[in-house]
Amino acid sequence: MRFSRQIKIAPSILAADFANFGAECRAVEAEGADWIHVDVMDGHFVPNITFGPATCAAIRPHIRGIMDVHLMIAPVDPYIEAFAQAGADIITAHLEAGPHIHRTLQAIRATGKKAGLALNPGTGLDGVETMLDMIDLVCVMTVNPGFGGQKFLDLSAKVRALRNLIGDRPIHIEIDGGITPETAPVMARAGADVLVAGSAVFKGGSAAAPEAYGQNIRAIRNAADLTRGQIV
Ligand code: DX5
Ligand code: ZN
């Protein structure tokens, strides 16, 4: 995984056809997705339940690029090895998921995977600075996690502050929740480089008719690239 701050679009398969994940992953990649974002929910840390490591392992062969696994589960540590074995490239855990996020990040890195730190909308950046040498990605949630299709929360000031904190370090800033061609530029301008999008990518298409996926991905990417300028 070579580091770059170019805009990357990461479709969230939370908005895909759950009976057809393999074909859906192949379709969005063929239509221009950079990463595949995989939302794991446990009905405890968040109110919704999706799937676990077995599903991640099953879809892995259908993803050529980066499999970006977002764990919305608590506890995290007992499952890290299973998600690593399932073929995740990036494993992201929430700062709010338990008292020992530092240990969790160490455990993720120990598997040889990239470590991501996710922050709920209500969580500030206190503490992030301490962990900057342990992380490869910060996921700024712009909705409260649990469901797709929610309204975007404009946390530009937080993203800008995070971008300043990160400086030259090779740490991605990922935005998750409510990304559309309208909101993507706001986040790109603030310093984000990975844009997760569920409903805005999968709407209007299917694995059998994936052209809409391509149009949706291009609309988000073009909007972000256009407005971004040289400020990153
Ligand atoms: C929310 C998930 C997101 C979600 C994004 O808990 O982490 O990845 O799927 O969906 P949209 O793009 O529809 O807000
Ligand atoms: Zn997510």
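Residues numbered from 1 in each chain as written. Chains lettered and ligands numbered in written order. Predicted model: local features only at pLDDT ≥ 70, side-chain atom pairs only at ≥ 80, totals over all residues. Heavy atoms only, no water.

- Under an unreviewed UniProt entry, the chain has the name Ribulose-phosphate 3-epimerase and belongs to Rhabdonatronobacter sediminivivens.
- For the record of the chain, the UniProt heading Function (unreviewed entry) holds the text "Catalyzes the reversible epimerization of D-ribulose 5-phosphate to D-xylulose 5-phosphate." (UniProt positions renumbered as here; feature names shortened; annotations may be inferred.)

### Re the coordination of the zinc ion (ligand 2)
Right, so step 1: Coordination of the zinc ion (ligand 2) by the protein comes from His37 (NE2), Asp39 (OD), His70 (ND1) and Asp176 (OD), over a distance range of 2.0 to 2.3 Å.
Right, so step 2: Every donor counted, the six donor atoms about the zinc ion (ligand 2) form angles of 68 to 172° at the centre, which fits octahedral coordination.
Right, so step 3: Summarised as a motif, the one-chain spacing of the donors to the zinc ion (ligand 2) is H-x1-D-x30-H-x105-D.
Right, so step 4: Look at His37 and you get buried, because its relative accessible area is 0%.
Right, so step 5: Given a relative accessible area of 5%, Asp39 falls into the buried group. (Donors = N, O, S within 2.8 Å, 3.2 Å for Na, K, Ca; no water. Tetrahedral: all angles 85-135°; square planar, octahedral: opposite > 155°, others 65-115°. Buried < 20%, exposed > 50% of the residue type's maximum accessible area, 1.4 Å probe, protein only.)

### A short note on the site of ligand 1
Right, so step 1: Among the 20 residues in the neighbourhood of ligand 1, the closest are listed as Asp39, Gly146, Asp176, Gly198 and Ser199.
Right, so step 2: One nitrogen or oxygen atom from the side chain of His70 is found 3.3 Å from an oxygen atom belonging to ligand 1.
Right, so step 3: Between ligand 1 and Gly178 there is a distance of 2.8 Å, counted from an oxygen atom to a backbone nitrogen or oxygen.
Right, so step 4: Coverage of ligand 1 by the protein amounts to 99% of the 380 Å² it exposes when considered alone.
Right, so step 5: Secondary structure elements with two or more residues in the shell around ligand 1: strand E2 (35-41), strand E3 (66-72) and strand E8 (194-197).
Right, so step 6: A per-element tally of the shell around ligand 1 places E2 first, with three residues.
Right, so step 7: Considering only residue class, the shell around ligand 1 consists of eight nonpolar, ten polar and two charged. (Near = heavy atom within 4 Å. Polar contact = N/O pair within 3.5 Å; in protein donor to acceptor, adjacent residues only side chain to side chain. Areas by Shrake-Rupley, 256 points an atom, 1.4 Å probe, with all protein chains shown as cover. Helix = DSSP H or I, 4+ residues; strand = E, 2+ residues; numbered from the N terminus. Nonpolar A, V, L, I, M, F, W, Y, C, P; charged D, E, K, R; others polar.)

### Focus on the environment of Ile13
Right, so step 1: Structurally, Ile13 can be placed in the loop between strand E1 (8-11) and helix H1 (21-30).
Right, so step 2: With residues up to four places along the chain from it excluded, the contact list for Ile13 reads Phe18, Phe21, Cys25, Ile36, His37, Val38, Phe51, Ile59 and Phe202. (Contact = heavy atoms within 4.5 Å.)

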